[in-house]
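# Analysis of the macromolecular model
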Amino acid sequence: MDDKSPMLELRGVSHVYVGRKGASLAVDRMELAVGHGEFISLVGPSGCGKTTVLSLLAGLFPPAAGQVLLGGKPVTGPSAKVGYMLQQDCLLPWRTIRDNAGLGLDIAGRRAAAERNRVEMLLEEVGLAGTEGKYPGELSGGMRQRVALTRTLAPEPDVLLLDEPFSALDMHIKMQLEDLVQATLRKLGKTAVLVTHDLAEAAAMSDRVVVLGRNPGRIRKEIAVPEAIRRLAPTEARKHPSFQALFDALWVELNAGEREGGSHE
Amino acid sequence: MSDDKACHPAGGDKEAASSEDNGGPHGGDDRAGWLKALHAAYRRRERSIGAAVLSVQLLLLAAFVLLWEAAGRLKWIDPLLFSYPTKIAAQLASSSADGTLWPHVGVTVAETAAGFVLGTLIGTALAALLWWFPFVSKVFDPYLVVFNSLPKVALGPIFIVAMGQGFLSILSVTLSMTVIVTTIGIYNRFRDSEPGLVKVVRLLGGTRLQLFRLVILPASFPVIISTLKVNVGLAWVGVIVGEFLVAKEGLGYLIIYGFQVFNFTLVLSTLVVIAATATLMYQGVALLEKKLVSGGREPS
Ligand SMILES: Nc1ncnc2c1ncn2[C@@H]1O[C@H](COP(=O)(O)OP(=O)(O)O)[C@@H](O)[C@H]1O
Ligand SMILES: [Mg+2]
């Protein structure tokens, strides 16, 4: 991989959903670059195209126009280099926790003992030691989402795409998981794109927040998170004196975007 | 849009329960004793209701048999036509003792088992084909609907002419009744598999075959097994009708034969045998279902 080019890049990317009822522009001429090891958040009103951007980055479908690049090379389809975490855990109810966590490895045909061990170690790291033989139905929502995190990390992706992975969780479990995810990704040096509608979460977790305007999705503003906040774990960052100012700045942007977009609907 | 909606919402339901103070000895032994007593009372109530239901059921059966017996012996009903229980029992005792009953039972059971097992397997295979080739499924959709609404039994004579008076014709009648409805039901289940699970496999780079093996087939397993159960019933109809038409051996043949020689005791005793065997078969499949569909599945 070419180290000078950004890890992820969108060049003039537009996406159109075509269906029986017509064609709708979901993402319009988007330019975005994410550096190696950088953690960015995408925030924006519901329906502004955040999930579409992640799907394009993951290679689920090609853009209608423009280029999606991973490590400087065009993305042609899902790859083991990119991990994706959904809002729902989507665990297979008939597989044990161990087998769910190792699903990506199974699919890739990676069945060596070392790979198995790594899954067990990851499960231990996210606090799931002792649940390996259980089934998803026996676990709480927070624990299941940890299994989903393990499943995403197990194939050792360079990039993580997180689509509102904490939004269905209770507040305190959500904050625990935010800390866990940030610490884990930082330790492993992964690049990450987090989609969220929670401004505080975006501000607390990322290095940079990208605010999208609605209909069709385009970038309104990018706000860098001050170094002082960036250093801290999300729960600590929320208590930092300058956190409120950052939150307010995001709030203003998001509201402005919503007003503009709402007018022509 | 959020095509992963169907998945398990990652709600934090049980986390609270597990992190909360879980009683412990300082909760007091009387509390534990109290809970136990409440549970015991609940179980007692359950058991007594169960016993009451069973005794009423047995009572109804006994009353029916007695009434039938009395009606037959006292000529309230024509015993030649409706027979009565002791006569049927005697008929069954003699035909099972001299061994004339068993070959018929064996033939019919074999035909029925072959019918519902093959019907389910072929139907599932066709459903997989339709799932794999969406174009094919679009093309065949109207034909399936038409064939499914056809009374397939009417095809019986054609099968007999084409395949001769035997096992193959009877199996064909049975399969014509089970295969299409199985295909439609299981294909619909394949197609409705949770989009979130499908998305996960695609995101992990899975092929279409892996998607089928890892998600589509296992997710449909409970439906396949319950279809197997439905097919037991359909197969019995197919086999009995087939044996009516072929009229060589089997329980369906016994009924037709009894009817032709005006021996209604034979007809009714055969019906009793069919009821008993079909129930056993159905219970067997239900037991199989319980075994196969347990494990870590969520109670949904
Ligand atoms: N599969 C699809 N087919 C048609 N339209 C879609 C599809 N997925 C999303 N859209 C539309 O594209 C727009 C952006 O959707 P999405 O990326 O899911 O937004 P977000 O994740 O920001 O809520 C929305 O207007 C949505 O209705
Ligand atoms: Mg979304």
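Please read all numbers here as calculations on a predicted model, not as lab measurements. (Residues numbered from 1 in each chain as written. Chains lettered and ligands numbered in written order. Predicted model: local features only at pLDDT ≥ 70, side-chain atom pairs only at ≥ 80, totals over all residues. Heavy atoms only, no water.)

## Quick look at the overall build of chain B
Selection rule: The helix and strand labels rest on DSSP assignments: H or I over at least four residues marks a helix, E over at least two residues marks a strand, and numbering proceeds from the N terminus. Type-normalised accessible area, obtained with a 1.4 Å probe on protein chains alone, sets the label of each residue: buried when under 20%, exposed when over 50%, and partly exposed for intermediate values. The contact criterion used throughout is that any non-hydrogen atoms of two residues lie within 4.5 Å. Working definition of accessibility: Shrake-Rupley area with a 1.4 Å probe, residue cover restricted to the visible protein chains.
A tally of regular secondary structure across chain B gives twelve helices and zero strands. Along chain B, helices and strands appear, N-terminal first, in the series α-α-α-α-α-α-α-α-α-α-α-α. Residue burial in chain B is summarised as follows: out of 300 residues, 36% are buried. Within chain B, contacts between residues at least 6 apart in sequence are counted, and of these 73% link residues at least 24 apart. Summed over all atoms, the accessible surface of chain B reaches about 17300 Å², with 71% contributed by carbon and sulfur.

## Focus: the overall build of chain A
Just so we agree on the cut-off: Throughout, the radius of gyration refers to the C-alpha atoms, and the reference size of a globule is 2.2 Å times the residue count to the power 0.38. In summary, the charge assignment counts Lys and Arg as positive and Asp and Glu as negative, without counting His or the chain termini. Charged groups are reduced to one reference atom each: NZ for lysine, CZ for arginine, CG for aspartic acid, CD for glutamic acid.
When its secondary structure is counted, chain A shows ten helices and ten strands. The C-alpha atoms of chain A give 19 Å as radius of gyration, which agrees with the globular expectation for 265 residues (18 Å, within 12%). Restricting to contacts in chain A with at least 6 residues of sequence separation, those with at least 24 account for 71%. When the accessible surface of chain A is totalled, it reaches about 10900 Å², and 52% of it is carbon and sulfur. Each charge sign in chain A was given a centre, from 32 positive and 33 negative side chains, and these centres are 3 Å apart.

## What to know about helix H8 (residues 167-191) of chain B
Rules: Expected span of a helix: the number of residues minus one, times 1.5 Å. The bend reported for a residue corresponds to the angle between axes fitted to the seven residues ending at that residue and the seven starting there.
For H8 of chain B, built from 25 residues, the straight-helix expectation of 36 Å at 1.5 Å per residue is met to within 8% by its first-to-last C-alpha distance of 35 Å. Of all the bends in H8 of chain B, the greatest, near 30 degrees, is centred on Leu175 of chain B.

## What to know about the nonpolar core
All names here are of chain A. What counts is decided by this rule: Among buried residues, those of type Ala, Val, Leu, Ile, Met, Phe, Trp, Tyr and Cys that are joined through side-chain atoms within 4.5 Å constitute a nonpolar core.
Counting residues in hydrophobic clusters, the biggest one holds 56 residues, and the most contacted among them are Leu8, Leu10, Leu42, Leu57, Leu161 and Val193. Beyond its immediate sequence surroundings of up to four residues, Leu8 is in contact with Leu32, Ala33, Val34, Leu57, Leu69, Leu70, Val159, Leu161 and Val193. In terms of nonpolar packing, the next biggest core, distinct from the first, is built from 28 residues, Val126, Leu128, Leu149 and Leu185 among them.

## Considerations on the side chain of Thr178 of chain B
Along the polypeptide, Thr178 of chain B turns up in helix H8. Ignoring sequence-local partners within four residues, the contact set of Thr178 of chain B consists of Gly115, Gly119, Asn231, Leu234 and Ala235 of chain B.

## So, the sheet that holds strand S4 (residues 65-70) of chain A
Residue and element names in this part refer to chain A. Put simply, the test is: Pairing between strands is defined by DSSP: at least two bridges between them are needed. Simply put, an axis is a line fit to the C-alpha atoms, just over the touching stretch for a helix, and the angle between two N-to-C directions goes from 0 to 180 degrees.
Spatially, the four strands line up as an open sheet ordered S2-S1-S4-S5, and their pairing is antiparallel. Single-partner strands in this sheet number two, and they are strand S2 (22-34) and strand S5 (73-74). Where S4 lies against S5, two bridges are found, and the strand directions are antiparallel. Following the sheet pairing, Leu70 is matched in S5 by Lys73. Sheet strands in contact with helix H1 (residues 50-58) are strand S1 (8-19), S2 and S4, and its direction is about 115 degrees off that of S1.

## Some words on the packing of helix H5 (residues 102-132) of chain B against helix H6 (residues 134-149) of chain B
Residue and element names in this part refer to chain B. This is how it is decided: Convention used here: angles under 35 degrees read as roughly parallel, angles over 145 as roughly antiparallel, angles from 65 to 115 as roughly perpendicular, and any remaining angle as oblique. Any residue that is not Ala, Val, Leu, Ile, Met, Phe, Trp, Tyr, Cys, Pro, Asp, Glu, Lys or Arg is counted as polar, Gly included; the first ten are nonpolar and the last four charged.
For the pair H5 and H6, the least separation of the axes is 6 Å and the interaxial angle reads 125 degrees. When the axis of H5 is compared with that of H6, the two are oblique. The segment H5 lies against H6, with Leu130, Trp131 and Trp132 engaging Pro134, Val136, Ser137 and Leu144. For the contact of H5 with H6, the per-class residue count stands at six nonpolar, one polar and no charged.

## As for the domain arrangement of chain B
Let me state the cut-off plainly: Where each domain begins and ends is defined by an automated method or by a domain database.
With domains assigned, chain B is organised as domain 1 (31-77) and domain 2 (87-293). Its C-alpha centre places domain 1 of chain B at a distance of 33 Å from the equivalent point of domain 2 of chain B.

## Some details on the packing of aromatic side chains
Residue and element names in this part refer to chain B. Rules: When the centres of two rings from Phe, Tyr and Trp lie within 6.5 Å, Trp using its six-membered ring, the rings pair. Their planes under 30 degrees apart give stacked, over 60 give edge-to-face, and anything left gives tilted.
What the rule picks out here adds up to ten aromatic pairs over all chains. Aromatic pair Phe190 and Phe212: ring centres 5.4 Å apart, planes at 85 degrees, arrangement edge-to-face. One end of the pair, Phe190, is in helix H8; the other, Phe212, is in helix H10 (residues 208-246), and 22 residues separate them in sequence. You can call Phe212 buried: its relative accessible area is 14%.

## Digging into the packing of helix H4 (residues 85-97) of chain B against helix H12 (residues 264-292) of chain B
A packed helix pair is summarised by two numbers, namely the angle formed by the two axes and the spacing between the axes. Residues and elements named next belong to chain B. For the pair H4 and H12, interaxial distance at closest approach is 9 Å and the crossing angle is 75 degrees. Taken together, H4 and H12 sit at an angle that is classed as roughly perpendicular. Every residue of H12 that contacts H4 at Lys87, Ile88, Gln91 and Leu92 is listed here: Thr265, Leu266, Leu268, Ser269, Val272 and Val273. In terms of residue class, the contact of H4 with H12 is made up of six nonpolar, three polar and one charged.

## Quick notes on a nonpolar patch on the surface
All names here are of chain B. The following threshold applies: Only residues above 30% relative accessible area that lack a salt bridge enter a patch, with like-charged residues linked at up to 9 Å and the nonpolar side chains Val, Leu, Ile, Met, Phe, Trp and Tyr linked at up to 5 Å. Just to be clear on terms, a salt bridge is a Lys or Arg side-chain nitrogen sitting within 4 Å of an Asp or Glu carboxyl oxygen.
Together, Val117, Leu118, Leu121, Ile122, Leu126, Leu129, Trp132, Phe133 and Leu209 make up an exposed nonpolar region whose accessible area comes to about 760 Å². Top element by residues in the nonpolar patch is H5. It accounts for seven residues. With respect to the element layout, Ile122 can be found in helix H5. Judged by relative accessible area, which is 33%, Ile122 ranks as partly exposed.

## Quick word on unusual backbone geometry
Residues and elements named next belong to chain A. In this structure, Cys90 is a non-glycine residue whose phi angle is positive, near 50 degrees. Assignment of secondary structure puts Cys90 in the loop between strand S6 (82-85) and helix H2 (97-101). Cys90 gets classed as buried once you look at its relative accessible area, which sits at 1%. For Glu164, which is not glycine, the phi dihedral falls at a positive 45 degrees.

## Section: the side chain of Arg208 of chain A
All names here are of chain A. Let me state the cut-off plainly: Here a polar contact means two N or O atoms within 3.5 Å. Within protein one must be a hydrogen donor candidate and the other an acceptor candidate, and residues neighboring in sequence count only if both atoms are side-chain atoms.
Tracing the chain through its elements places Arg208 in strand S9 (residues 208-213). In terms of polar contacts, Arg208 uses its side chain to reach the backbone carbonyl oxygen of Ala33, at 2.6 Å. Of the polar contacts made by the side chain of Arg208, one reaches the side chain of Glu38; its length is 2.8 Å. Leaving out residues up to four positions away in the same chain, Arg208 has contacts with Leu32, Ala33, Val34, Glu38, Phe39, Ile40, Ser41, Glu222, Ile223, Ala224 and Val225.

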